[in-house]
Amino acid sequence: MANIVIVGAQWGDEGKGKITDLLAEEADIVVRFQGGSNAGHTVKVGEEVFRLHHIPSGILYPDKLCIIADGMVVDPEVLKEEIEELQKRGISVDGLRISENAHIVMPYHRILDGIWEERMGKGRIGTTGRGIGPCYADKSARVGIRMSDLFNQEVLEEKLRINLEEKNLLISYYRPQAEKLKMEELLPRYLELGEFLRPYVANTSLIIRQAMKEGKNILFEGAQGALLDINYGTYPFVTSSHPIAGGVCVGAGIGPKEIDKVIGVCKAYTTRVGGGPFPTEIKEEIGNLLRERGDEYGTTTGRPRRCGWLDLVALRHSVEINGMDSLAITKLDVLSGIPKLKVCVAYKFEGKEIQQFPTDANILSRCQPVYIEMEGWEKIEDVDDFSSLPKGAQEYLRKISSYVGIPISIVSIGARREQTLGWKSKGRGYFWDRIVVDTVD
Ligand code: IMP
């Protein structure tokens, strides 16, 4: 029995979809605990590519329960499309469960997301435009609509009345030409969406706790990344949830002592979408090279991602705030063929060298990266073990592990499941229990 948490160790897009997919094989239940349709998890199975926004990647296996837990915000229009798309491609969604407490992203949240961004001008966050911030804001303000409200016309109507009054006022102030949102359109549509989703809705926290008592294996799948956490990330350039391991407890309804292992997924370099400080961003041609070779375009928005060198200062911060046990390094192959690689080991701030990650965006934006240079490697073949990697790649991995002080348990060298060290020789499963690179190696 094990309860494993997978989190993004950077600014999202670390390749969590693939790692979750690998680990999900051994899990009975896969749970998403925060975020919403701002996430886009890409999983490649054979030649087929699946892009998931709400539904945990575990759905691609036939026998798993896949849970959208309380801490998530659900856009029923998007989720309905996602379910129908999976069904069309022959994937069963019978194992899907959605928390009755999950908050609903409404059309006015998407509109307000855009308005808030416009108002911030140059300081805009660069959100995914999915209404995530306004939905979590309503949740905190206690005026949000929850999944179970979609089954009760009276309750839904009353909540809509309160919200439409306020939101229409705001929208018409900032967008005088915009049409008002109408009760007579929204109420029947959201009741209808509620009926569509109803078979999947349940008390998911109870299901999870019960499964724990039965000794089931549970995998908690984080979306976004630790540096986008609303408390510990680069505020305000963050998302509105807690994509860190601590988010599992509040987002899925379990106690902290139930978590057995935390695995942080970290790309061999760094990317970021949207605004905000990014000390190791590469402005030269090599940044474009990484973007093209790594296919660094947003799954949800298609936006080109900003690309940069690996930042070990940021990574160590992430390791610590998540209490990570080990790292999964992804996309190592993308760095092949670059003769010299830079790795950031400190920042220079006001003439002093610092090794602590400042979460004040203003300070971080004034930090200069201090790099070491490492030898690159020509090419990574589809090898299965650490010792068959080119020497440069071995050194690179050792450097990461020794700097952050935790081992590496998974190394991914390509998009496919079998392009993962140890996958062929040992069979799939229990990746979380392995050590590919130890800190004392
Ligand atoms: P929001 O979550 O749409 O409000 O966006 C807030 C910030 O988080 C923006 O910088 C987004 O680009 C970023 N973000 C949100 N979701 C993801 C994701 O899944 N991957 C990478 N960045 C994300």
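Attention in this report is confined to the structure presented alongside it. This is a predicted model, so every value here is computed, not measured.

What to know about the overall build of the protein
- Tallying secondary structure elements over the protein gives 13 helices and 19 strands in all.
- Over its C-alpha atoms the protein spans a radius of gyration of 22 Å, differing by no more than 12% from the 22 Å that the globule rule assigns to 441 residues.
- Considered along the principal axes of its C-alpha atoms, the protein spans approximately 65 × 50 × 40 Å.
- Looking at the protein as a whole, 57% of its 441 residues qualify as buried.
- Here the analysis covers contacts within the protein between residues at least 6 apart in sequence; of these, 76% occur between residues at least 24 apart.

Some details on the site of the ligand
- Of all residues adjacent to the ligand, which total 15 residues, the nearest are D13, N38, T128, T239 and R303.
- Within the backbone of V273, a nitrogen or oxygen atom sits 3.1 Å from an oxygen atom of the ligand.
- A distance of 3.1 Å is found between an oxygen atom of the ligand and a side-chain nitrogen or oxygen belonging to R303.
- Protein coverage of the free-state accessible area of the ligand, which is 470 Å², stands at 96%.
- Considering only residue class, the shell around the ligand consists of six nonpolar, seven polar and two charged.

Considering the side chain of T330
- Its location among the elements puts T330 in strand β15 (residues 326–330).
- T330 gets classed as buried once you look at its relative accessible area, which sits at 4%.
- Setting aside its immediate chain neighbours within four residues, T330 contacts E14, G15, I19, V265, C266, K267, A268 and S412.

The rules behind the values
- Residues numbered from 1 in each chain as written.
- Predicted model: local features only at pLDDT ≥ 70, side-chain atom pairs only at ≥ 80, totals over all residues.
- Heavy atoms only, no water.
- Helix = DSSP H or I, 4+ residues; strand = E, 2+ residues; numbered from the N terminus.
- Rg over C-alpha atoms; globule rule 2.2 N^0.38 Å.
- Buried < 20%, exposed > 50% of the residue type's maximum accessible area, 1.4 Å probe, protein only.
- Contact = heavy atoms within 4.5 Å.
- Near = heavy atom within 4 Å.
- Polar contact = N/O pair within 3.5 Å; in protein donor to acceptor, adjacent residues only side chain to side chain.
- Areas by Shrake-Rupley, 256 points an atom, 1.4 Å probe, with all protein chains shown as cover.
- Nonpolar A, V, L, I, M, F, W, Y, C, P; charged D, E, K, R; others polar.

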